[in-house]
Every structure is written in C-alpha cells, then in structure tokens.
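Fold and contact review
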Amino acid sequence: MGITPETARELWAHAREASERGARELDPAGIRRALVTLAVAGTGGDEAGFRAEVVRARDAARKVGMDPVPLFDAAAAMVDPEDDAARRILVTTPRV
C-alpha cells in the first residue's frame, strides 16, 4: 500500500519548508532535501498540489543557481513506480 493522501500532504509541508529555507538561505542542501521528500511523498492523488510544491522547489533551485534538471531527474527515479503522474511532473517541471 502506498502513502496516504494525508501523509503526502504532511510530507509536502516538510518539502515546502525545505524549499523556502533553501531559497532564503541560499542552501542547496535544503533544495535536495525538498526533492527527496517530494519523491517519497508522490502526488497523493492530488496532481495540482504536488505540481505546486515541485514548482516551488524548482524556483528555489534556480534562485540558488542550481541546474534543476539533473536533480529533478534523480528525484523522479525514486518515485513509487505506480505514481506515473509524480514522475512526469518531476521530469517536466524543471524544463519549463
């Protein structure tokens, strides 16, 4: 059984904090933590909510001066194999 929607939202909140802190403190490790957390959480059945958090992490990575594509590709590889939407969002978002 996968992660429940409630757990996914809790993990998104942790990822949001890590993204915001990473952007504020120009801390690449915070961005990486956010991506790992998002990969573990997946969409939780809410693609739009997940996409919003992924966009936040992408924007933070760009602010810090990181190339988000390889990081997001690595995060996509860690997503639950049955969560195609999460993998797609992680792969495509940094390319826009």
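Look above for the structure.
Residues numbered from 1 in each chain as written. Predicted model: local features only at pLDDT ≥ 70, side-chain atom pairs only at ≥ 80, totals over all residues. Heavy atoms only, no water.

**Some points on the side chain of Thr93**
In this fold, Thr93 is placed in the segment after helix H5 (84-92). There is a polar contact of 2.7 Å between the side chain of Thr93 and the backbone oxygen of Ile89. Non-local contacts of Thr93, meaning those with residues more than four positions away in its chain, are made with Val54, Val55 and Arg58. (Helix = DSSP H or I, 4+ residues; strand = E, 2+ residues; numbered from the N terminus. Polar contact = N/O pair within 3.5 Å; in protein donor to acceptor, adjacent residues only side chain to side chain. Contact = heavy atoms within 4.5 Å.)

**Quick word on the pattern of salt bridges**
Using the criterion set out here, one finds nine salt bridges in the structure. In this structure, the salt-bridge partner of Asp27 is Arg33, at a minimum N-O distance of 3.5 Å. On the basis of relative accessible area, Asp27 is assigned to the partly exposed category, the value being 22%. Assessed through its relative accessible area of 42%, Arg33 is described here as partly exposed. Between Arg56 and Glu53 there is a salt bridge, and its shortest N-O distance comes to 3.1 Å. Taken together, the positions of Arg56 and Glu53, both in helix H3 (residues 47-64) and three residues apart, correspond to about one turn of that helix. Residues joined by salt bridges that share partners form a network here, namely Arg16, Glu20, Glu53 and Arg56. (Salt bridge = Lys/Arg side-chain N within 4 Å of Asp/Glu carboxyl O. Buried < 20%, exposed > 50% of the residue type's maximum accessible area, 1.4 Å probe, protein only.)

**Some points on the side chain of Thr37**
Locating Thr37 in the fold gives a position in helix H2 (residues 28-41). Here the side chain of Thr37 touches Arg33 through a polar contact of 2.8 Å, landing on its backbone oxygen. Residues within four places of Thr37 in sequence aside, it is in contact with Leu11, His14 and Ala15.

**Remarks on the environment of Asp84**
Relative to the elements of secondary structure, Asp84 occurs in helix H5. Along the primary structure Asp84 and Thr43 are separated by 41 residues, whereas in three dimensions their C-alpha atoms are 9.2 Å apart.

**Side note on a nonpolar patch on the surface**
Taken together, the side chains of Ile3, Val36, Val40 and Met78 present a nonpolar region at the surface, about 330 Å² in accessible area. The class for Met78 is partly exposed, based on a relative accessible area of 45%. (Patch = residues over 30% accessible without salt bridge, like charges linked within 9 Å, V, L, I, M, F, W, Y side chains within 5 Å. Areas by Shrake-Rupley, 256 points an atom, 1.4 Å probe, with all protein chains shown as cover.)

**Description of H5**
Looking at H5, one finds that the buried residues are Ala85, Ala86, Ile89 and Leu90. End-on, the buried residues of H5 take up no more than an arc of 130°, which puts them together on one face. Its buried side turned inward, H5 meets H2, H3 and helix H4 (68-77). (Arc of directions from axis to C-beta.)

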